[in-house]
Amino acid sequence: EAGVVQSPRYKIIEKKQPVAFWCNPISGHNTLYWYRQNLGQGPELLIRYENEEAVDDSQLPKDRFSAERLKGVDSTLKIQPAELGDSAVYLCASSRGLARTDTQYFGPGTRLTVL
Amino acid sequence: AQSVTQPDIHITVSEGASLELRCNYSYGATPYLFWYVQSPGQGLQLLLKYFSGDTLVQGIKGFEAEFKRSQSSFNLRKPSVHWSDAAEYFCAVGEYTGGFKTIFGAGTRLFVKA
């Protein structure tokens, strides 16, 4: 079975520019997560989707970050405008559901560098 | 709020030696605990998890972890380390609040020397 796919793998932009990340979860997985991993830190949840619905976006900086999951499959995370502090690895994960027994499977991440 | 502490930022062990990575958590009820591994340029992979029952949990790649409620710990162990085990290891605790949320520690980087 194919894993979680993310693109691009790397992105370098100048501050104030927009950027978007794409995630394709494992087929049949209803729950999708976006995490941000700063250098030397563990991942921190930004937003969690159950199908098309964002069920937890409390940690998403809504002034510049947005996300969507159309048709409950692929998802896009956008930053506009990017700031220097947004440099991080953005990880997407998926699971069958929201139950505690549902393992999260992570993609390889997108490493964002903001200059 | 729940939290996870991994006291060691990095650890170096010789190939073939035993390994123990420390993890302490803060949670009021019975925790859901996880260990993940992240190799360079890769996403996180689940090594093992503890929800209830036997406090010694077996995982993939020869890893095991022991839940000790009295010490609020969930340390990861491996009897003999291989060079391919060099990676970043994350301990995590899960909470169920209308859906499952995972809180990660800062990670421990493992170096393996020949």
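How each quantity is defined
Residues numbered from 1 in each chain as written. Chains lettered and ligands numbered in written order. Predicted model: local features only at pLDDT ≥ 70, side-chain atom pairs only at ≥ 80, totals over all residues. Heavy atoms only, no water. Helix = DSSP H or I, 4+ residues; strand = E, 2+ residues; numbered from the N terminus. Rg over C-alpha atoms; globule rule 2.2 N^0.38 Å. Buried < 20%, exposed > 50% of the residue type's maximum accessible area, 1.4 Å probe, protein only. Contact = heavy atoms within 4.5 Å. Areas by Shrake-Rupley, 256 points an atom, 1.4 Å probe, with all protein chains shown as cover. Lys, Arg positive; Asp, Glu negative; His and termini not counted. Charge placed at Lys NZ, Arg CZ, Asp CG, Glu CD. Salt bridge = Lys/Arg side-chain N within 4 Å of Asp/Glu carboxyl O. Buried area = accessible area lost by both parts, 1.4 Å probe. Nonpolar A, V, L, I, M, F, W, Y, C, P; charged D, E, K, R; others polar. Disulfide = S-S within 2.5 Å. Polar contact = N/O pair within 3.5 Å; in protein donor to acceptor, adjacent residues only side chain to side chain. Pairing = 2+ DSSP bridges. Axes fitted to C-alpha atoms, helices over the stretch in contact; angles between N-to-C directions.

A. Main features of the overall build of chain B. Of the regular secondary structure elements, chain B holds 0 helices and 12 strands. Going from the N terminus to the C terminus, chain B shows its helices and strands as β-β-β-β-β-β-β-β-β-β-β-β. Over its C-alpha atoms chain B spans a radius of gyration of 14 Å, differing by no more than 12% from the 13 Å that the globule rule assigns to 114 residues. Overall, the C-alpha framework of chain B stretches about 45 × 30 × 25 Å when taken along its three principal axes. Across the 114 residues of chain B, 49% fall into the buried class. Long-range pairs, those at least 24 residues apart, make up 53% of the contacts in chain B with a sequence separation of at least 6. Roughly 5,300 Å² of accessible area belongs to chain B as shown, and the carbon and sulfur atoms make up 49% of that amount. Charge-centre separation for chain B: the mean point of 10 positive side chains lies 3 Å from the mean point of 9 negative side chains.

B. Examining the pattern of salt bridges more closely. Residues and elements named next belong to chain B. Counting across every chain of the model gives 10 salt bridges over all chains. For E88, the salt bridge identified is with R109, shortest N-O distance 3.0 Å. With E88 in strand β10 (residues 87–96) and R109 in strand β12 (residues 108–113), this residue pair connects regions lying 21 residues apart in the sequence. By relative accessible area, which is 10% here, E88 ends up buried.

C. Inspection of the interface of chain A and chain B at higher detail. On the chain B side, the residues contacting the 21 residues of chain A number 21 residues. Here chain A meets chain B over a buried area of about 1,700 Å², counting both sides, of which 51% is carbon and sulfur. Summed over the shared surface of chain A and chain B, the result is 0 salt bridges. Breaking the side of chain A that touches chain B down by element, the ones donating at least two residues are β4 (31–37) and β5 (44–50) of chain A. Among the elements that line the side of chain A that touches chain B, the one with the most residues is β4(A), at 3 residues. Looking at the side of chain A that touches chain B residue by residue, the class counts come to 9 nonpolar, 8 polar and 4 charged.

D. A look at the state of the cysteines. Taken as a whole and assessed by the stated rule, the structure comprises 2 disulfides over all chains. Covalently, C23(A) is tied to C92(A) through a disulfide, its sulfur atoms 1.9 Å apart. Its S-S torsion of about -70° marks the bond between C23(A) and C92(A) as left-handed, since a negative value means left-handed. One end of the pair, C23(A), is in strand β3 (residues 19–24); the other, C92(A), is in strand β9 (residues 88–95), and 69 residues separate them in sequence. Residue class for C92(A) comes out buried when judged on its relative accessible area of 0%. Between the sulfur atoms of C23(B) and its disulfide partner C91(B) the distance amounts to 1.9 Å. Residues C23(B) and C91(B) share a disulfide whose torsion about the S-S bond is about -65°; that sign makes it left-handed. With a gap of 68 residues between them, C23(B) in the loop between β3 (19–21) and β4 (24–26) and C91(B) in strand β10 connect regions that are remote in the sequence. C91(B) carries the same exposure label as C23(B), and that label is buried.

E. The arrangement of the side chain of Q6(A) in detail. Residue and element names in this part refer to chain A. Looking at the element boundaries, Q6 is found in strand β1 (residues 5–7). A distance of 3.0 Å separates a polar side-chain atom of Q6 from the backbone oxygen of Y90. At 3.0 Å, the side chain of Q6 forms a polar contact with the backbone nitrogen of C92.

F. Main features of the sheet that holds strand β8 (residues 75–79) of chain A. Residue and element names in this part refer to chain A. The sheet built from 4 strands is open, its strands ordered β1-β3-β8-β7 with antiparallel pairing. The sheet terminates laterally at β1 and β7 (65–68), the two strands that pair on one side only. Looking at each pair of strands side by side, their axes are set apart by 15° on average, direction ignored. Summarising the sheet, β7 and β8 pair through 4 bridges and their orientation is antiparallel. Directly across from S66, in β8, lies its bridge partner K78.

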